[in-house]
Amino acid sequence: MIKRTAASLLLILTLALTAGDSLAGRLDQDLKAVVAAGSDSVVSVVVFLQNPSTQYAMLQAASRVDLNRAERIQSVSGRLQSDAENLMKPVNSQINNLAVGPVKRHWIIPAYSMTVKVSDLETLVNLPGVDQVISDLPIELTAPVEIRPAPSAVTSASTELQMLNVPNLWQSGITGKGRLVCSFDTGVDRLHPALSSKWRGNHATLRESFFSAVAPDSLPFDKTGHGTHTMGVMVGAVEADSFGVAPEAEWITAGVIDQGPDLSTTISHILGAFQWALNPDGDASTTDDVPDVILNSWGLPALVGSAIAPCSTLFWQALDNVEAAGVVTIFAAGNEGRFGAMSIRNPANRATTPYNSFCVGAVNSSKVIADFSSRGPSSCDTTQIKPEVVAPGVGIRSSSKNNTYVYMSGTSMAAPYIAGMVALCRQYNPDATVEQIKYAIIQSAVDLGPAGEDNAYGHGLVDASRLISFLPVPTGANLHLANEFISGDGIAMPGETVGFQAYVTNSAANLDQINGELINLSPEMLSITGTTQNFVFGTGGTMAVNSQPFTLNINPSVVHGSVASMRLRFRSMSGQLIDSASIELTLGIPVPGNIVTHVAGSLAMSVSEFGEYGLSAGSIYNAGGNGFRLNGGDNLLFEAGIMVGRSSAQLSTATRDSLGRLKDSDFRPPTPGSASWVNDGSANHNISSFSDNNSALPIPIAIRQESVNYTEAEDDGFIIVKYQVTNSALEPLTGLHFGLLTDFDISATDTVEIVSGLNLAIHRSQGAGPMTGLVALSGGWFSVKDNGTAKAGMTRQQQYAVLSTHAHQPDMTAPGDKMVILHSGSFTLGPQGSTEVALAFVAANSREELIERATRARMRYDVTTSVDNDELLPNQFDLRQNYPNPFNPSTTISFALSTATEVSLDIYNLLGQRVVQLVNGPMTAGEHRIIWEGTDGAGSSVAAGVYFYRLTAGNASESRKMVLLK
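The structure presented is a predicted model; accordingly, all values stated were derived computationally and were not measured.

Q: I'm lost on the packing of helix H9 (residues 267-278) against helix H10 (residues 316-324) in this one. Help?
A: Helix-helix packing: each pair is described by the crossing angle between the helix axes and the interaxial distance. The geometry of H9 relative to H10 is characterised by a closest axis approach of 10 Å and an angle of 10° between their N-to-C directions. In this view, H9 runs roughly parallel relative to H10, as classed from their interaxial angle. On the side of H9, the interface is formed by Leu 271, Phe 274 and Leu 278, while H10 contributes Ala 318, Leu 319, Asn 321 and Val 322. Looking at the contact of H9 with H10, its residues break down into 6 nonpolar, 1 polar and no charged.

Okay, structure coming up:
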């Protein structure tokens, strides 16, 4: 609606539709009242210059159908600017003399924006050629009737897009690629993940990417979230979450509506935005910056009294000029439908042709008109039916400000579906005229409500899949790279030779076949064999794939996750270049999280936040890490990764597959890159968290990994890694086994030695040179497997068998390519119950030095017992005081068992009620540490106070007291 302000008015010198307009030479009612009051103040005012009767015909000639889009834009824009200049010359000096402050000149319609004394208004309105003086009044948007929070992610195209059959058009490659949409709205949150990558300002100037009269130098912003929502309906998409009609189109926006109480926007700003839209970058020779469509979420309510008449022609000429240049304008019908007929807003209520002021009403998911959707007929001509079409507008999920998602209801939610379809039409035929596109939209609509066009549904609900059939066939090809495919498992792994196929669409359906030439822009990453292949569409076909795959030879040394660039050039069968497409191909398996490197004197080792180690050249997974190196030498670790399982079916690993090949880790951090470093003065701790949610059948568990290197000279050569394994389920986990597979490559023929007293596995070559060790700090067993002549894999059954069998393999001392698996368990964890598994990686140049460093690592971990040293085991069991105590929010309960036995560990409150059971099942002899997070069996935090923990092992039990502080 229009909001009156007594002290802020704007004078517009207007280009009338005819020389004899009845409003010529008159002030509007607000300005007449100001003059009659005898005020000596100044007002922001303006006046439309009289329009020669020939101008409309000249514009129509400039926009003729036989011009292409670029020619049409340049022709119309040039005509408008030259006409405005000629009309303004006779009055420029008088306008400047009357103005108080700066004067802004417009050419979208010949007009001046300025401030003038009230006493000079009559002089101004009587200048030669002046037509009308009106007040410039702030404008509000077509506000939604409902806003409520929405989920942040959905994994399929929205229901509304399916109602409109938009995904059917996407399948033919029509996704808005290469097109540009614009909104006149409250702005856009440019950082929203569904929109940020699509903003034209990412590669173009700010001037051509965002217009704001009140904040011209700012980046796009949105104080209300409305403009972010409507832009999301046009182009929004992130990963599998598609809710925008044209997800591959780019966007620009004019923040000209309701940008907040301190940023009021006026009628003149709307006119300025239309002028900007025809030449965003200020360079008349460029046209790719001009949008295909402008979505308008504003209007003047027809049922509310205003200084602007309900059928005012104020915006008509600006709209005609914009559309003459080939920019489609789409309006929301308004949300005043509860007032009944003739409730469509100005200028959406205009109906001088079947296509101008094209407006959209709203239906619900049942395709029934929303009660708020404004109705026709046009209040300017009651014989003319409005709106033109309808689209979904009730409970529409889309993006909003501050990276959020909301549901909104209103015709402003329906109109962007149609505006997005304009981008799809222009991708198919870039040179289609405004009338041709509007005709296609109307003809594709499916009738709703009473038979035929009516004043609620218009022509009906648009079926996007039918749009193309009503558009002129483009004269040129419209090629688009729709998809890419790598042969085999779909991954171009380092060292592999793979086939590459491209799916190409030609929505113009006017090519039988073409040649495709694949150009290599990353020769350091790959080479290409068979660089030219044939693409056959067939008569009238729109989809083709290369007849033979291009052969890609991937460099073995490429780091996983690297992106190779290629370009596919399309040529006619006679050799003429038609088009080209850029290809960005990800090689290998992208790194799913951070990789950091610990340095412990002579030892450098990379660890990840997804359960894998090594991660360097010479590893199974070259992810750009440092590997495992002693004294700066070669990487010694081919592979290391954790394994957690309850059965062969419920098994999560970060290790190789059954054929010995790299497999994507089943572990993922909740937020990649969230690992943190802590230095406590004596050691560097890297702490990360991950879960097995990438597994086909999660257990489910959460793992907190803490890797530590100490900084004293005596702590050279070892890295300690501690895993806190937590049951994420609401039910107890029984029979849980934890393991770590390591495959050190010291030489071609290595041996493995088990030092029982230290629970140490030594991996060494037969000759002199470095050796590595793995220390089971919290207990466990080692199994040794021989890779044979190639890197052997293990089936899921074999992996679980190793995890759950407490026996050394017989081939550990025979020379060969060895891998060592440390495994511990089984564990029984109650809901939110945890256990800790700890180990140390050690490296040295001699056996004596390695044992010394392993002993130091064990001392640092403060474990003095060993399952293989009966003399150090407690007689029955030993329950220690929890630490810390008092605690908040978690504490560690430690105990030692002399023999394997059935164990339960329970927490009780002061009333003797059991709060949670942390352990219930068989446990091995040795040291055990259980972490309690201060939660009950349902995972909820318990109150502060005194609690007891009770350990029962076999027939014996013991209890201790602890205090939770908050």
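Q: Explain the sheet that holds strand S53 (residues 956-964) to me, please; I cannot follow it from the model alone.
A: Spatial strand order, S50-S49-S52-S53: 4 strands in an open sheet with antiparallel pairing. Of all the strands in the sheet, just strand S50 (914-923) and S53 have a single pairing partner and so form its edges. Averaged over all pairs of adjacent strands, the angle between their axes in this sheet comes to 15°, without regard to strand direction. In this sheet, strand S52 (residues 945-953) lies alongside strand S49 (residues 901-908) in antiparallel orientation, the contact comprising 6 bridges. Each residue of the ladder has a partner; that of Ser 904, found in S52, is Thr 952.

Q: Please clarify how the side chain of Ser 904 should be interpreted in this entry.
A: Residue position: Ser 904 is located in strand S49. Apart from residues lying up to four places away in sequence, Ser 904 is in contact with Gln 917, Val 919, Asn 920, Arg 950, Leu 951 and Thr 952.

Q: Could you clarify how one ought to interpret the nonpolar core in this entry?
A: Across soluble globular proteins, nonpolar side chains have a tendency to be buried as a group. Grouped together as the largest cluster of nonpolar side chains are 67 residues, with contacts concentrated most on Val 166, Ile 330, Ile 418, Met 421, Ile 441 and Leu 467. It is helix H11 (residues 411-428) that contributes the most residues to this core, 12 residues altogether. In contact with Met 421, not counting residues within four places along its chain, are Leu 164, Val 166, Val 245, Val 462, Ala 464 and Leu 467. Core analysis: the second largest hydrophobic core is formed by 44 residues, Phe 690, Phe 744, Ile 754 and Ala 843 among them.

Q: How should the packing of H11 against helix H12 (residues 434-444) be read in this particular structure?
A: The interhelical angle for the contact between H11 and H12, taken along N-to-C directions, is 115°, at an axis separation of 10 Å. Seen along the crossing, H11 lies across H12 with a hand that is right-handed. Between H11 and H12, the residues in contact are Ile 418, Val 422, Cys 425 and Arg 426 and Val 434, Ile 437 and Ile 441, respectively. When its residues are assigned to classes, the contact of H11 with H12 shows 6 nonpolar, no polar and 1 charged.

What counts, and where the lines are drawn
- Residues numbered from 1 in each chain as written.
- Predicted model: local features only at pLDDT ≥ 70, side-chain atom pairs only at ≥ 80, totals over all residues.
- Heavy atoms only, no water.
- Axes fitted to C-alpha atoms, helices over the stretch in contact; angles between N-to-C directions.
- Helix = DSSP H or I, 4+ residues; strand = E, 2+ residues; numbered from the N terminus.
- Parallel < 35°, antiparallel > 145°, perpendicular 65-115°, else oblique.
- Contact = heavy atoms within 4.5 Å.
- Nonpolar A, V, L, I, M, F, W, Y, C, P; charged D, E, K, R; others polar.
- Pairing = 2+ DSSP bridges.
- Core = buried A, V, L, I, M, F, W, Y, C linked by side-chain atoms within 4.5 Å.
- Buried < 20%, exposed > 50% of the residue type's maximum accessible area, 1.4 Å probe, protein only.
- Left-handed = near helix turned anticlockwise from the far one by under 90°.

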